[in-house]
Structures are given as C-alpha cells and as structure tokens.
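Residues per chain are reported as follows:
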Amino acid sequence: MVSFPSFGRVKVVHHERSPAEKSLVLRLDIFLMTFGCISQDPNSCRYLDQQNINNAYVSGMKEDLRLYGNELNYFTTYFNVAYCIMLIPSQIILTYVRPSFWLSGLEICWGVMTGLIATCHSAKQVYVLRVFLGLCESSAWPGMITLFMHWYTPMELAKRMGFYHSCQALGSMMSGALQVAITNTLDGHTGLAGWRWLFVINGIITVVWGFAGFFMLPDLPNNPNPRAIWFTKEHAVLAMDRLERNGRAEPKKMSWAGAKRTFSTWVVYFIAVLYISTVLASYGYAYFNLFLKSLKHADGTKVWTTSQVNAIPIGGGAINVVFVWIWALLSDYFQTRWVLIVAQAVIGIIPCIIMSIWTRHPASVALSAVYASYFICYLALGTAPLIFSWLSDILPQDPEARTLIVGVAVAGYYAVSSWSQVLVWPAKQAPYYKYGWQSALALWVLVIIMTCALRVIDMKYML
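Numbering of residues starts from 1 in each chain and follows the order in which that chain's sequence is written. Per-residue local features of the predicted model are confined to residues with pLDDT of at least 70, and side-chain atom pairs are confined, for both listing and counting, to 80 or more; whole-chain, interface and lining totals are unaffected and use all residues. Heavy atoms from the whole structure form the basis of all side-chain values; hydrogens and water molecules are not counted.

S.K.: Help me understand the overall build of the protein in this model?
M.R.: The way it works is that DSSP assigns letters per residue, a run of H or I at least four long becomes a helix, a run of E at least two long becomes a strand, and they are numbered from the N terminus. A count of helical and extended segments in the protein gives 18 helices and 2 strands. Between the two quantities, the radius of gyration covers C-alpha atoms and the globule rule is 2.2 Å times the number of residues to the power 0.38. Relative to the 2.2 N^0.38 estimate, which gives 23 Å for 463 residues, the radius of gyration of the protein is 22 Å and therefore close to what a compact globule would have. With respect to the principal axes defined by its C-alpha atoms, the protein has extents near 70 × 50 × 40 Å. A simple rule labels every residue: compare its accessible area, found with a 1.4 Å probe on the protein chains alone, to the largest value its type can have, and call it buried under 20%, exposed over 50%, or partly exposed in between. Among the 463 residues that make up the protein, the fraction classed as buried is 59%. Here the open area of atoms and residues is found with the Shrake-Rupley method and a 1.4 Å probe, where only the protein chains shown may cover a residue. About 17,700 Å² of surface is accessible on the protein, with carbon and sulfur atoms providing 69% of the total. His is not counted, nor are the chain ends; Lys and Arg add positive charge and Asp and Glu add negative charge. Every charge is mapped to an atom, namely NZ of Lys, CZ of Arg, CG of Asp or CD of Glu. Considering the protein, the positive charge centre built from 33 side chains and the negative charge centre built from 23 side chains are found 6 Å apart.

Structure (structure tokens):
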C-alpha cells in the first residue's frame, strides 16, 4: 500500500499586498533575482556550461586540442560526475552556512576554474578542470531555487523560477553572441585563439559578480544577511509574516530526522524521476550547433561559417526565453502546474518523431523540417520551474524535505547524464544519432504519464 506524508497542501490565501510588502518583493527581485539571473549568464549550472563547451568545440577547440573522438561527451561526463557528488552535500551545507558566503564563494572559485580552461593544451587538462567546475557549480542552480522557495509566495514563485530559469537561455544566447564577437575581433589577439578568449572573459565576469553576492543575497527570512544594507529589520518581520500567512514553515538546519523523513516518503523519488525525465527528454536541442557544423555543400564546403554555427542557435535561445516566461506566467495566473507540463511534453514529442525518422532515413525528411524540429525543441524547456513550484505547493510545511528533494532531483539528473549522454548522444554519431531522439520520445511519454498520476495523487490525497 502506498504511504503518503503527513504534511499536506495548505490552501493558498489570496491576499492583497500592502505597499510595504510590495516594496519587499521589489527589493527581492532587484537583489536576489538579479544576482541569480546574472550568475546564469557568464556561467551555467546545467545548460550554459555545456553551451560554452559546445561553442568552443565548434570554434577551434576541437582542432587545437585534437579532439577527434568522444572527448566532448567526456567533458560533460567529468563535470556531471563531480556535480552529482557535491550537489546534495552542498544543499545540506547551505542550511548551516550563510548562502551569501557559500553561493558567492563557490561562484568565485568556478570563475577561476573557467578562466583556467583557456590555458589547457590537452583533453586531460580540461577533464581535471571540469571536475573542479562541477564541484563548485553544484551549489548554484539548486541553491537559488531553494532560496526562492523560502522568500516567495505560491502566487509569486513560478514566475520568479521561470524568469530565473530563462536566464540560462539568455546566458546561452550571450555565449553564442560572445563567441561570434570574439571570433571576429579577438581570435589570435596576443596569441590566444578565440575559443580561449571565451573562457577568459567568462571567468573574469564570474569572479567579479561572485564578490557582489556577499552583499546582494539576503540569506534566509529568519536569519537575514547583515551585509545586505538594502534589507531592513521591518523587511525581516514582514518576510516571516508572509511565510506564516501562506502556511510555509521557516527555514531550518538539516537534521537526521528531516533527512530520514524525506527519504522515507515517495515524493522525493517521484519528483526526482519526473525532473530527470523532463531534462533528458529535452536535451536534443543542445546539439543544434553540431548539426549545423556537419552540413556541407555538394562540393564538400561547409554550409555555415563558424560564426554562423554559433549565431543561429541564438534564435532558439530567444524562443526558449519567451516560452519559459509564458509557461511560468500562465502557471501562477491559473494556479496550475500539471497542465502546462503535459503541454510541453506534447510539443516535445513532435520534433522527436520527425528527427527519429530523419536520422534513419535522411532523404525522406526535408532539411527544413529538421531545422524546424530543433527550433521547436526550445518551446519545451520550461518544465523545471513548474515542477519545483509544484513541489513547494505539495510540501509547504517541510523546508528540509524541499531542500533535499531539489538536491536529489538535480543530482539524479547529473548521475544519469554522466553516462547516458555518451551512449545516447555520442559526438561521433552527430548529427545522425541512433537512439537519441527515440529515447527522448519515450521519456516525454513517461513525463505525461507521471504528471497525470501526480495530479490525481495531489488532488485526492494531499489537499
């Protein structure tokens, strides 16, 4: 018999915000959101890090470091393994160490590691730095998502998570645009190749912004950051009132009892599998530039230049940004999560079907349909904010469980991705992957089934 946790859904209270509360939310948006969002641009926790490597790979890194096997996949694997190992410990440490120290300090460290990639002359050197990058970056995305759950109400949360999530796409667009600019202006300057300059510039921006976090992050409602001069004692009282009014328990340090309670319920495993499935199902878009790089004219010349290979996916990033906002706004406005997750899964199935046919029978599918499929993939990248907003709705009274579940879900993805990407999306097969699009199709179907099941459980047992 399935057991359900004792902590159930607290009904959302529709409350007219006072001017003081509006001021608090505005300040949170200006400082907390801004720090998190800009952190997504020069670096990345999930997508942009891979995007930087991909952009560098198609911009001369492959030839300079003689990467003619699956080294690109192994760059991701080493990063993912380290990220996975450190993620849950990082989430626990976040409950003991001020987020303004922990998140900011690790951002400075990974900025240094990013810059050092510019000095590499072999794949092995990149592997080592990718491990340290994974260890440092493990705190960023799940840590910020956890902070949002502490500070924002159910009526505000999905929009903020969606906006934050969309900044990964903005960062990806910036990375592509930056690589185009560097290729056209800095390639060869002071003897450094353009792809090396990409890591140097990203590293500098990241380190500088990491220092800003010591003053911009508000820490926790019940333990505010004393260096955040923008946050007053009145704001602290109001923040605690908002938690109580919306049935949210205040943040607390992780305990053995909290960990045991979390792992003894079904929620942690269900949310983790749902999240992992949505991310893996949508991952085909990340190899758009490899598809562009592979295209050649009848005489053997390349269809697209290096700058164009980096620039064209920027259009997909713009689509991603717009639709992540749309999904998040609709979610908070209609107070629903599951319908919009299912809608994205249905959209994601379309390119999977087209690309599955094209990879087996290229002549039977028009090249324009392949281009369209890659761009359609960007429409279905807004599931994560909805899943974690739903998690916050389901477990309003257990901040320890929420913190751990976010960590387990994201760590689970990296654990699976560390080996599955090499098998499912091997660089040597690009762009005709044998199993990539078929596996993505199966995962989208699983997402639909799980989302509908969670909706039934949520309505029947947890209200």
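More follows now that the structure is in view.
S.K.: Mind showing me how you'd approach the side chain of Q421 here?
M.R.: Here Q421 is to be found in helix α17 (residues 399-424). Residues are treated as being in contact if the distance between any of their heavy atoms lies within 4.5 Å. In this structure, Q421 is in contact with N73, L280, Y283, Y287 and P426, ignoring residues within four places of it in sequence.

S.K.: Where do I start with the nonpolar core in this structure?
M.R.: Where a protein is soluble and globular, its nonpolar side chains tend to be buried together. The biggest cluster of nonpolar side chains holds 126 residues, and the ones touching the most others in it are F148, Y275 and F388. Per-element accounting of this core gives the leading share, 11 residues, to helix α11 (residues 267-281). Those residues in contact with F148 that lie beyond four places of it in its chain are L32, M33, L157, R160, M161 and Y164. Residues belong to one nonpolar core when they are buried, are Ala, Val, Leu, Ile, Met, Phe, Trp, Tyr or Cys, and are joined through side-chain atoms within 4.5 Å.

S.K.: I keep staring at helix α10 (residues 256-263) and nothing clicks. Help me out?
M.R.: Along an α-helix, residues three or four positions apart point the same way, because every turn accommodates 3.6 residues. What α10 keeps buried is the set G258, A259 and T262. The arc that holds every buried residue of α10, seen down its axis, measures 100°, which confines them to one face. Across from the buried face of α10, at angles greater than 90 degrees, the exposed residues are W256, A257 and K260. Structurally, α10 contributes buried residues whose contacts are with α11 and α17. The directions from the helix axis to the C-beta atoms are what the arc is built from.

S.K.: Where do I start with the packing of helix α13 (residues 306-334) against helix α14 (residues 338-360) in this structure?
M.R.: Each pair of packed helices gets described by two things: the angle between the helix axes and the distance between those axes. Orientation of α13 relative to α14, taken along the N-to-C sense of each, is 150°, at an axis distance of 10 Å. Judged on the interaxial angle alone, α14 and α13 are roughly antiparallel. Between α13 and α14, the residues in contact are W327, L330 and S331 and L340, A343, Q344 and I347, respectively. When residues are sorted by character, Ala, Val, Leu, Ile, Met, Phe, Trp, Tyr, Cys and Pro go into the nonpolar class, Asp, Glu, Lys and Arg into the charged class, and all the rest, Gly among them, into the polar class. Residues that form the contact of α13 with α14 fall into these classes: 5 nonpolar, 2 polar and no charged. All axes here are fitted lines through C-alpha atoms, helices being fitted over the stretch that makes contact, and every angle between N-to-C directions spans 0 to 180 degrees. Note on angle classes: values under 35 degrees are labelled roughly parallel, values over 145 roughly antiparallel, values of 65 to 115 roughly perpendicular, and the remainder oblique.

S.K.: Looking at this model, I keep getting lost on unusual backbone geometry. Mind explaining?
M.R.: It is generally the case that most residues other than glycine have a negative phi and that most peptide bonds are trans. Here the bond from A430 into P431 is cis, since omega is 0°, no more than 30 degrees from zero. Along the polypeptide, P431 turns up in the loop between α17 and α18 (436-461). Phi angles above zero are rare outside glycine, and R66 is one such case at about 55°. With respect to the helices and strands, the residue R66 is situated in the loop between α2 (48-64) and α3 (71-93). Residue classification places R66 among the exposed positions, given a relative accessible area of 56%. Unlike most non-glycine residues, D219 shows phi in positive territory, near 65°. Residue position: D219 is located in strand β1 (residues 219-220). Using a relative accessible area of 1% as the deciding quantity, one classes D219 as buried.

S.K.: Would you mind going over the environment of T114 with me for this structure?
M.R.: By the secondary structure assignment, T114 is in helix α4 (residues 99-116). Take T114: its relative accessible area is 7%, and that puts it in the buried class. In sequence terms T114 and F199 are 85 residues apart; their C-alpha atoms lie 5.8 Å from each other. Apart from residues lying up to four places away in sequence, T114 is in contact with L133, F199, N202 and G203. Any N or O atom pair separated by 3.5 Å or less is treated as a polar contact, with the protein-specific requirement of one donor-capable and one acceptor-capable atom, and with residues adjacent in sequence counted only for side-chain atom pairs. From its side chain, T114 meets the backbone oxygen of W110 in a polar contact 2.8 Å long.

S.K.: Looking at this structure, I do not really get the packing of helix α1 (residues 19-39) against helix α6 (residues 140-151). What am I missing?
M.R.: Running from amino to carboxyl end, α1 crosses α6 at an angle of 165°, the nearest separation of the two axes being 10 Å. Put simply, α1 runs roughly antiparallel to α6. When the axes of α1 and α6 are compared, the crossing they make is left-handed. Between α1, through L28, L32, M33, F35 and G36, and α6, the contact on the second element is made entirely by M144, L147, F148 and W151. Crossing handedness: left-handed means the near helix sits turned counterclockwise from the far one by under a right angle, and right-handed means the same turn made clockwise.

S.K.: Looking at this structure, I do not really get helix α9 (residues 233-245). What am I missing?
M.R.: Taking 1.5 Å of rise per residue, the 13 residues of α9 would be expected to cover 18 Å, and the 19 Å separating its terminal C-alpha atoms lies within 8% of that figure. Of all the residues in α9, the buried ones are H235, A236, L238, A239, R242 and L243. What you see down the axis of α9 is that its buried residues fit within an arc of 165°, all on one side. Facing away from the buried side of α9 by over 90 degrees, the exposed positions are K233, E234, V237 and E244. Backbone geometry just downstream of α9 places G247 in the positive-phi region, at approximately 70°. To estimate the expected span of a helix, subtract one from its residue number and multiply by 1.5 Å.

S.K.: Is there a simple way to explain the pattern of salt bridges in this structure?
M.R.: Opposite charge on two side chains permits pairing when their charged atoms draw close. Take a side-chain nitrogen of Lys or Arg and a carboxyl oxygen of Asp or Glu: if they are within 4 Å of each other, that pair is a salt bridge. For the structure shown, the criterion picks out 12 salt bridges. A salt bridge links R98 to D219; the nearest nitrogen and oxygen atoms lie 2.9 Å apart. Of the two residues, R98 is situated in the loop between α3 and α4 and D219 in strand β1; the sequence distance between them amounts to 121 residues. Between R242 and E156 there is a salt bridge, and its shortest N-O distance comes to 2.8 Å. Taken as a pair, R242 in helix α9 and E156 in helix α7 (residues 154-185) lie far apart in primary sequence, 86 residues in all. In this pair, the class of R242 matches that of E156, namely buried. Within the structure, one salt-bridge network assembled from shared partners comprises R17, E21, E156, R242 and R245.

The values reported here are purely geometric and, on their own, carry no functional implication.
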